[in-house]
Amino acid sequence: GRLPPPPQQPPAGGRASAPPPPDKTKPHKLEITTGTRARYKVTEQLAGISFPSDAVGTTEAITGAIIVNPDGTIAPESKLTVDLKSLTSDQSMRDGYIQQRTLETEKFPTLVIVPKKAVGLPAPLPAGQQAQAGFQLIVDMTLHGVTKETTWNVVATFGNTSVGGRATTTVVFADFNMTKPTLARLLSVDDKIQLEIEFRCTRTAM
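Residues numbered from 1 in each chain as written. Predicted model: local features only at pLDDT ≥ 70, side-chain atom pairs only at ≥ 80, totals over all residues. Heavy atoms only, no water.

Draft legend 1. Just the overall build of the protein, in detail. Tallying secondary structure elements over the protein gives one helix and eleven strands in all. Order of helices (α) and strands (β) in the protein, N terminus to C terminus: β-β-β-β-β-α-β-β-β-β-β-β. For 206 residues, the compact-globule formula gives about 17 Å, and the C-alpha radius of gyration of the protein, at 21 Å, lies well above that figure. Along the first, second and third principal axes, the C-alpha set of the protein runs to 80 × 40 × 25 Å. (Helix = DSSP H or I, 4+ residues; strand = E, 2+ residues; numbered from the N terminus. Rg over C-alpha atoms; globule rule 2.2 N^0.38 Å.)

Draft legend 2. The arrangement of the pairing of strand β5 (residues 79–83) in detail. Two strands pair when backbone bridges link them, and strand β4 (residues 62–68) and β5 are joined in this way by four bridges, in the antiparallel orientation. Bridging across to β5, Gly64 finds its partner in Leu80. Relative to strand β6 (residues 110–119), β5 is paired through four bridges, and the arrangement is antiparallel. Bridge assignment links Val82 to a residue of β6, and that residue is Leu111. (Pairing = 2+ DSSP bridges.)

Draft legend 3. Fine view of helix α1 (residues 92–102). Three or more residues of α1 are buried, namely Arg94, Asp95, Tyr97, Ile98, Gln99 and Thr102. A positive backbone phi angle near 50° is found at Glu104, which sits one or two residues after α1. (Buried < 20%, exposed > 50% of the residue type's maximum accessible area, 1.4 Å probe, protein only.)

Draft legend 4. Expanded view of the pairing of strand β3 (residues 53–59). Where strand β2 (residues 37–46) and β3 come together, seven bridges link them in antiparallel fashion. Opposite Arg39, over in β3, you have Thr58 as the bridge partner.

Draft legend 5. Looking closely at unusual backbone geometry. Of note, the amide linkage connecting Ala123 to Pro124 takes the cis form, showing an omega dihedral of -10°. Considering the arrangement of structural elements, one finds Pro124 in the loop between β6 and β7 (131–143). Positive phi, normally seen in glycine, also occurs at Glu104, with a value near 50°. Within the secondary structure layout, Glu104 lies in the loop between α1 and β6. One non-glycine residue, His144, adopts positive backbone phi at about 60°.

Draft legend 6. Quick look at the pattern of salt bridges. Tallied over the entire structure, the rule returns 15 salt bridges. Between Arg39 and Glu196 there is a salt bridge whose closest N-O contact spans 2.3 Å. Residue Arg39 is located in strand β2, and its partner Glu196 is located in strand β11 (residues 192–205); the two are separated by 157 residues in the primary sequence. Per residue, the accessibility class of Arg39 equals that of Glu196, and both read buried. Here Lys107 and Glu104 are joined by a salt bridge, their closest N and O atoms 3.3 Å apart. Note on Lys107: relative accessible area 58%, which makes it exposed. (Salt bridge = Lys/Arg side-chain N within 4 Å of Asp/Glu carboxyl O.)

Spelled out as structure tokens, the structure:
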């Protein structure tokens, strides 16, 4: 009593014509595209309010690409740049203060991320049906004129022609010689800033 073979599923919605994954023997370029956002979160305690809240500023002005070699190493020309002058939150007064006093964007208009290595990233890069990976990206990050090695936690979904996901890290104001915000109604600000990049990339073989 052998079982009959399962019926062949017809390709759903012309899936047969989906683009194949890029050549695994070549470096893959993941280039930032529309829909990418960077944000910061700082926990604030406001006078007269008994619980802390997160101040969140966001920008979509991010450019650059990460080039991953077939063996999982990252090519030295990989670089991402965030335009800090375009960061906005729900309060223009806070934005002005953070731009002028904390980030000093007149002098230091960008955040630059130079990825050095990925820990836990499969090599070659996965592709296909919602291939997901969680890994750590070790980068040299330049913020407020200071360059420090920083670790970002990344969760990404790897499609054949696109990659999307989220990267987060936490930095301390003092590490980058930044002044913590102090405003009239502000009792305290946490020492840490959470940075988050929600990224969308196109994926091509080089």
